[in-house]
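# Descriptive analysis of the structure
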Amino acid sequence: MDTKIGSIDSCMPPNGDMCSAATGGSISTIQNSVSPTMINAAESNLGRHLARRLVQIGVSDVFSVPGDFNLTLLDHLIAEPGLKVIGCCNELNAGYAADGYARSRGVGACVVTFTVGGLSVLNAIAGAYSENLPVICIVGGPNSNDYGTNRILHHTIGLPDFSQELRSFQTVTCFQALVNNLEDAHDLIDTAISTALKESKPVYLSISCNLSAIPHPTFSREPVPFSLSPRLSNKLGLEAAVEAAAEFLNKAVKPVLVGGPKLRVAKACEAFVELADASGYALAVMPAAKGLVPEFHPHFIGTYWGAVSTAFCAEIVESADAYLFAGPIFNDYSSVGYSLLLKKEKAIIVNPDRVVIGNGPTFGCVLMKDFLQGLAKKLKTNTTAHENYRRIFVPDGHPLKSEPKEPLRVNILFQHIQKMLSGETAVIAETGDSWFNCQKLKLPKGCGYEFQMQYGSIGWSVGATLGYAQAVPQKRVIACIGDGSFQVTAQDVSTMLRCGQKTIIFLINNGGYTIEVEIHDGPYNVIKNWNYTALIDAIHNGEGDCWTTKVKCEEDLVEAIKTATGAKKDCLCFIEVVVHKDDTSKELLEWGSRVCAANSRPPNPQ
């Protein structure tokens, strides 16, 4: 079936990747190029309807782990020509893969079995919820005849009430549906999928194992394409918010703009850049918004992350007399242990549907995109902050030159990774020191970038790399993963090989959980060292295209990158980089001490 996502007002970041096309905000029609027609009786069943719906919204790959409750459903998903079922090594990675897929494709899906699978995927779904990603989490549920009985089922905790899984998902999904009869199955499936797209959050869909293959009249026609009503701003509220914000900013001497991660869910990336173009203000991003704003913009000054900001960026932001934050998330990580030097009375905070101006008025029912576009027409050009930045800016220095065969340093590694980036690449940064080192990479036009900062689940990147690379096979993904994180989810490198992916994985082996060491050290942060290249060779087992190497000095690294981008450019390349356990970025050292201080605050007096 030739399908497409049509006329969705998506947030397209400057790198050219779809930045959650079906996320929140104003979604219009999702179109299907095939007119609704009658389908044969053998295919007019629940399983095929679900498969068609997934293809229709742009999902061409679902990530799964089989179990007895979902096997028949998987049969019908596999039978759909436009859908590929990708078996993962465990449910957690299947969920992470759906997360990574949704970041690029706009929506993702995973299929697991009842409770043992559902509770295993739960952590990944919670991460997708925190990052505002629409993931359809499908569970093969109990036989419909078992509901309302006093039976005890396998894969449960041994109680006749087997609603544990549903109750667990209620806190990490925006909609939950138990499909245990055919009469309302069509409605529940469509409601779940459309809710995920409208809310840009995961949904939970449990389908009884005995229903997938049964024909039913409600599935007798090709599904009519979704038509989701767009969200609209309150016109008077929008006008008032724009006027108040323009008055606030036009009085300022050196105002700045800072983009936050909720630009994605608000689909306001382009509108934010339009505002920067019109205003002339200096332009920065919060760390979790890296990749959403063009770093080649003439007024871009870097990442604002308090004490660990890009050089000279924090000085400009924190000395401004007015700053507009579009879609920020201020948590203990992004605020570097609550140490940002910002003042509420100087700030305009633009949330996806609300604007707060200093200590003054708040305007609800105002969509971010509409507000930014309206404000762009009202602001006077003011380049003062950017001119100040140019006055104090000093170009980055270069790492000390390595001696011949000197043990490799992390700053040398990332100097070479920088040279690999282009519009045909994307970077996945794992939780840990890779956050800080990848944050300093300068993204060329078209280069994708993803990491999971709000949830920060170690091991996320392996599954996310699998899903992201599957969604955009034309890009070569470069994944930077620490050894501690890799040990959590390493198995699904095998799935990357089965899918013929050509990712480059830099496994940074520094002997433990370095990010935890810098927050609070202890023997628990030391892990058993693996022979990582031998492990990947064993997983490869002669099936698929794979190349591994271990590097310990700059000369080895240069040769490895040359091979990975040359003779092995069509292979999955795994490069283990051995570095000293104390070789960390200066940003992690600063950030870790501040987060430690925040975590260690004594209780308030009672």
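About the thresholds
Residues numbered from 1 in each chain as written. Predicted model: local features only at pLDDT ≥ 70, side-chain atom pairs only at ≥ 80, totals over all residues. Heavy atoms only, no water. UniProt positions renumbered as here; feature names shortened; annotations may be inferred. Helix = DSSP H or I, 4+ residues; strand = E, 2+ residues; numbered from the N terminus. Rg over C-alpha atoms; globule rule 2.2 N^0.38 Å. Contact = heavy atoms within 4.5 Å. Areas by Shrake-Rupley, 256 points an atom, 1.4 Å probe, with all protein chains shown as cover. Lys, Arg positive; Asp, Glu negative; His and termini not counted. Charge placed at Lys NZ, Arg CZ, Asp CG, Glu CD. Domains from an automatic or database assignment. Salt bridge = Lys/Arg side-chain N within 4 Å of Asp/Glu carboxyl O. Pairing = 2+ DSSP bridges. Axes fitted to C-alpha atoms, helices over the stretch in contact; angles between N-to-C directions. Buried < 20%, exposed > 50% of the residue type's maximum accessible area, 1.4 Å probe, protein only. Disulfide = S-S within 2.5 Å. Parallel < 35°, antiparallel > 145°, perpendicular 65-115°, else oblique. Left-handed = near helix turned anticlockwise from the far one by under 90°. Nonpolar A, V, L, I, M, F, W, Y, C, P; charged D, E, K, R; others polar. pLDDT = per-residue confidence, 0-100. Phe/Tyr/Trp six-rings, centres within 6.5 Å; stacked < 30°, edge-to-face > 60°. Lys NZ or Arg CZ within 6 Å of the ring centre and 35° of its normal.

By the naming in an unreviewed UniProt entry, the chain is pyruvate decarboxylase, taken from Manihot esculenta. Regarding the chain, the UniProt comment filed under Sequence similarities (unreviewed entry) reads as follows: "Belongs to the TPP enzyme family." Comment text from UniProt for the chain, heading Catalytic activity (unreviewed entry), reads "a 2-oxocarboxylate + H(+) = an aldehyde + CO2".

### Examining the overall build of the chain
Helix and strand content of the chain: 21 helices and 19 strands. Radius of gyration (C-alpha) of the chain: 25 Å, near the 25 Å computed for a compact globule of 606 residues. Dimensions along the principal axes, computed over C-alpha positions, put the chain at roughly 70 × 65 × 60 Å. Contacts in the chain between residues far apart in sequence, at least 24 positions, make up 77% of those at least 6 positions apart. Element-wise, carbon and sulfur atoms account for 53% of the exposed surface of the chain, whose accessible area totals about 23400 Å². Charged side chains of the chain number 51 positive and 60 negative; the gap between the two group centres comes to 5 Å.

### Re the domain arrangement of the chain
Domain assignment breaks the chain into domain 1 (41-219), domain 2 (235-392) and domain 3 (410-592). Of note, the centres of domain 2 and domain 3, computed from C-alpha atoms alone, are 32 Å apart. Taken together, the contact between domain 2 and domain 3 spans 16 residues of the former and 18 residues of the latter. At the junction of domain 2 and domain 3, the tally comes to one salt bridge.

### As for the sheet that holds strand 15 (residues 448-451)
Hydrogen bonding along the main chain pairs the strands of a sheet, whether they run parallel or antiparallel. One open sheet holds the six strands; their spatial order is 15-14-16-17-19-18, and the pairing between them is parallel. At either end of the open sheet lies a strand with only one pairing partner, and these are strand 15 and strand 18 (546-551). Neighbour to neighbour, the strand axes of the sheet diverge by 15° on average, direction disregarded. With five bridges joining them, strand 14 (residues 425-429) and strand 16 (residues 476-482) adopt parallel strand pairing. Its bridge partner lying in strand 16, V427 is registered against I478.

### Some details on the pattern of salt bridges
Evaluation of the coordinates by the stated rule reveals 22 salt bridges. The salt bridge partner of R103 is E131, with a shortest N-O separation of 3.2 Å. Placement of the pair is R103 in helix 3 (residues 91-105) and E131 in the loop between helix 4 (118-130) and strand 4 (135-141), with a sequence separation of 28 residues. Like R103, the residue E131 is buried in the burial classification. Between K235 and E239 there is a salt bridge, and its shortest N-O distance comes to 2.8 Å. Remark: E239 and K235 occur in helix 7 (residues 235-250); sequence separation between them is four residues, near one turn of the helix.

### Examining the state of the cysteines
Enumeration according to the criterion identifies zero disulfides in this entry. This cysteine, C438, is not joined by any disulfide, and C480 carries the nearest cysteine sulfur, 3.8 Å off. Classification of C438 as buried rests on a relative accessible area of 0%. Summary of cysteine pairing: C553 is not part of a disulfide, and the nearest cysteine sulfur, belonging to C573, is at 18 Å.

### Examining the UniProt feature "binding site: Mg(2+)" (unreviewed entry) in the chain
UniProt feature "binding site: Mg(2+)" (unreviewed entry): in the numbering of this structure it lies at D483, N510 and G512. Relative to the helices and strands, D483 resides in helix 16 (residues 483-489).

### Quick word on helix 9 (residues 269-279)
Residues of helix 9 that are buried: C269, A271, F272, V273, L275, A276 and S279. Residues of helix 9 that are buried sit in contact with strand 7 (256-259), helix 8 (262-266), strand 8 (282-285), strand 10 (323-326) and helix 11 (368-376). Residue G280 follows helix 9 closely and has a positive phi angle near 80°.

### Quick look at the pairing of strand 11 (residues 347-351)
The buried fraction of strand 11 is high, at four of five residues. Of the pairings in the sheet, the one linking strand 10 to strand 11 comprises four bridges and is parallel in character. Note that in strand 11 the partner of F325 across the bridge is I349. Pairing geometry for strand 11 and strand 12 (residues 354-357), over four bridges, is antiparallel.

### Observations concerning the sheet that holds strand 13 (residues 362-364)
Ordered in space as 9-8-7-10-11-12-13, the seven strands form an open sheet in which the pairing is mixed. Bordering the open sheet on either side are strand 9 (300-303) and strand 13, each of which pairs with just one other strand. The average undirected angle you get between the axes of adjacent strands in this sheet is 15°. The pairing of strand 8 with strand 9 spans three bridges and is classified as parallel.

### A closer look at the packing of helix 9 against helix 11
It is at 8 Å that the axes of helix 9 and helix 11 come closest, and there the two elements cross at 15°. Judged by the inter-axis angle, helix 9 sits roughly parallel to helix 11. Our pair here, helix 9 against helix 11, has a crossing hand that is left-handed. Contacts from A271, F272, E274, L275 and A278 of helix 9 reach helix 11 at K369, L372, Q373, L375 and A376. The class makeup of the residues in the contact of helix 9 with helix 11 is seven nonpolar, one polar and two charged.

### Re the confidence of the model for the chain
The predicted structure's coordinates, where accompanied by low pLDDT, should not be read in detail. The pLDDT averaged across the chain works out to 91; a share of 93% of its residues lies at or above 70. A low-confidence stretch, residues 1-34 (pLDDT under 50), is modelled with 132 contacts involving residues beyond four sequence positions or located in other chains.

### Quick look at the packing of aromatic side chains
Under the counting rule described, the total for this entry stands at 18 aromatic pairs. When the ring of F312 is compared with that of F393, the centres are 6.0 Å apart and the planes differ by 70°; the resulting orientation is edge-to-face. Of this pair, F312 sits in the loop between strand 9 and helix 10 (313-319) while F393 sits in the loop between helix 12 (384-392) and helix 13 (410-420), placing them 81 residues apart in sequence. Judged by its relative accessible area of 36%, F393 falls in the partly exposed class. Arranged with centres 5.3 Å apart and planes meeting at 40°, the rings of Y389 and F393 form a pair that is tilted. A relative accessible area of 9% places Y389 in the buried class. Ring-pair connections join several aromatic residues into one group, and the members of that group are W305, Y333, W435, F436, Y449 and F451. Above the plane of the ring of F226 lies R53, whose end atom (NZ or CZ) is 4.0 Å from the centre. Directly above the aromatic system of Y449 lies the positively charged group of K290, at a separation of 5.5 Å from the ring centroid.

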